[in-house]
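Structural description and commentary
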Amino acid sequence: MDTWIIPQTQIVIVNYDKFGRAPKNKELVDGLLKRKFDMIILDEAHKLRGIKTATTKMIQKLHTIPHKLCLTGTPAYNRPTDIFAILRFLDASHYTSYWKWCEYWCEMEEVWTRNGVRKNPTAIKKIMRPLFVQQLSLMAVQRKRADVMPWLTDVEVIDVPIECSKIQKKYLDELELYYSVGDIKCQGTLDRLIAVRHICNDPSIINLEHSSPKQEWLLEFIRDNKQKQILVFGISKRMLKKCKEFLESKLSTKYKIDIITGDVSPKKRMEIVSFFQQGYINLLFLQTQACAAGLTLDNADVSIFLELYPPASDYTQAKDRMIPTDATRVKDQQIYRLFMKDTFDASLVTLVDSNVSTSDIVNSYKEYLERRRR
């Protein structure tokens, strides 16, 4: 729906972004409720995570529509508590209090903040897990992908270890043994971990001398596979844009490259996706968190991940962008995952595969630093 006016039809399709744009989102919700629809379907329902977001709050107002259906492959997108917003939408009379629900079902850990100690929910209590699964089964049906799309085959996943340049090793040593590198001063472990990722991907992102073996690997791969259509995923928007500029400076103008990040409008996204699906774009850069869902790019032969980072569900969703939508579109496809050898960048591949949380990755990095100091 490109306008805020709800058409007089039996079916209305609305982008989630519309519900987050005040003040017109209230007008949108009032209009939908006034039409007295019989059913509401939330595709990619995990977008409701975060009980305080404007999108979640406005969509929750639609819970009075008689029939509700939520579709998602990752109901708990990052942590178990993410599922509460979906449960509340489906049964608002029963799921009334987020914190009461957390206290009942979840382990709680104490976290120190500026305002004192706060309790944060973590995993579902071990003793409660069988009952939790039973409760979910009362309102949920699980369908395996192989049952829905029997034509699918396993995609080959290839891990690519890349040697660090001398300058990268120097920067990483400075950062991991001390708390600063260049003009960057890190106050905590998470800050250092973010800086490590930038150094592994492209040090120029944090104004350090340019040296990016990942970009060089990508350039050589393209030169050897010009006939293939390629998706390239990354977390950092600056990194993706720099990588795009680098490739455009090295490749022929006939080789078409485009990019989708979080600031690209829905209309422009669909236009770029259409061009890629028709073969007019050879390589498409995608910001992982912004493009992990909602895009069909099954014309791709290859997906390349320049970096992996939590939540693991972002990676899982992103690599599914090139899943064939029907049996006629099945072809050989590969996924390449790039990481810098003998750095924490390599550990992230294993950690994300293990579906660990962001906090677990930070703790793992702390242990990694302790081993480095010994």
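The rules behind these values
- Residues numbered from 1 in each chain as written.
- Predicted model: local features only at pLDDT ≥ 70, side-chain atom pairs only at ≥ 80, totals over all residues.
- Heavy atoms only, no water.
- Helix = DSSP H or I, 4+ residues; strand = E, 2+ residues; numbered from the N terminus.
- Axes fitted to C-alpha atoms, helices over the stretch in contact; angles between N-to-C directions.
- Parallel < 35°, antiparallel > 145°, perpendicular 65-115°, else oblique.
- Left-handed = near helix turned anticlockwise from the far one by under 90°.
- Contact = heavy atoms within 4.5 Å.
- Nonpolar A, V, L, I, M, F, W, Y, C, P; charged D, E, K, R; others polar.
- 1 Å grid on protein atoms, 1.4 Å probe; cavity = no way out; pocket = protein on both sides within 12 Å on 5 of 7 lines; lining within 4 Å.
- Points joined across faces, edges and corners; volume = space filled by probe spheres on them.
- Buried < 20%, exposed > 50% of the residue type's maximum accessible area, 1.4 Å probe, protein only.
- Arc of directions from axis to C-beta.

1. Section: unusual backbone geometry
Ala22 connects to Pro23 through a cis peptide bond whose omega is 0 degrees. At Asp342, a position not held by glycine, the phi torsion is positive, near 60 degrees. For Asp342, the position within the fold is in the loop between β12 (334-340) and α14 (344-353).

2. Quick look at the packing of helix α9 (residues 213-224) against helix α10 (residues 237-250)
It is the contact of α9 with α10, at a shortest axis distance of 10 Å, that shows an interaxial angle of 45 degrees. When the axes of α9 and α10 are compared, the pair comes out oblique. The crossing of α9 and α10 is right-handed. Side by side, α9 and α10 meet where Gln215, Glu216, Leu218, Leu219, Ile222 and Arg223 of the first sit next to Lys242, Cys243, Phe246, Leu247 and Lys250 of the second. Of the residues assigned to the contact of α9 with α10, the class counts are 6 nonpolar, 1 polar and 4 charged.

3. A short note on the layout of surface pockets
The computed volume of the second largest pocket comes to approximately 550 Å³. Looking at the second largest pocket, it is lined by 13 residues, and the ones nearest its centre are Arg79, Glu109, Val111, Asn120 and Ser359. Where the lining of the second largest pocket is concerned, the elements lending two or more residues are β3 (106-113), β4 (116-124) and α15 (358-373). Tallying contributions element by element places β4 first for the lining of the second largest pocket, with 4 residues.

4. A closer look at the packing of helix α4 (residues 98-105) against helix α5 (residues 129-137)
At their nearest, the axes of α4 and α5 sit 11 Å apart, and the two run at 135 degrees to each other. On the basis of their axis angle, the class for α4 and α5 is oblique. Of the residues in α5, those in contact with Trp101, Tyr104 and Trp105 of α4 are Leu131, Phe132 and Gln135.

5. Quick look at helix α1 (residues 24-34)
Of all the positions in α1, only Asn25, Leu28, Val29, Gly31 and Leu32 are classed as buried. Buried residues in α1, looked at end-on, bunch into an arc of 160 degrees, giving them a common side. When the buried face of α1 is taken as reference, the exposed residues oriented beyond 90 degrees from it are Lys26 and Lys34. Contacts made by the buried residues of α1 are with α2 (54-60). Just downstream of α1, Lys36 is the residue with a positive phi angle, here 55 degrees.

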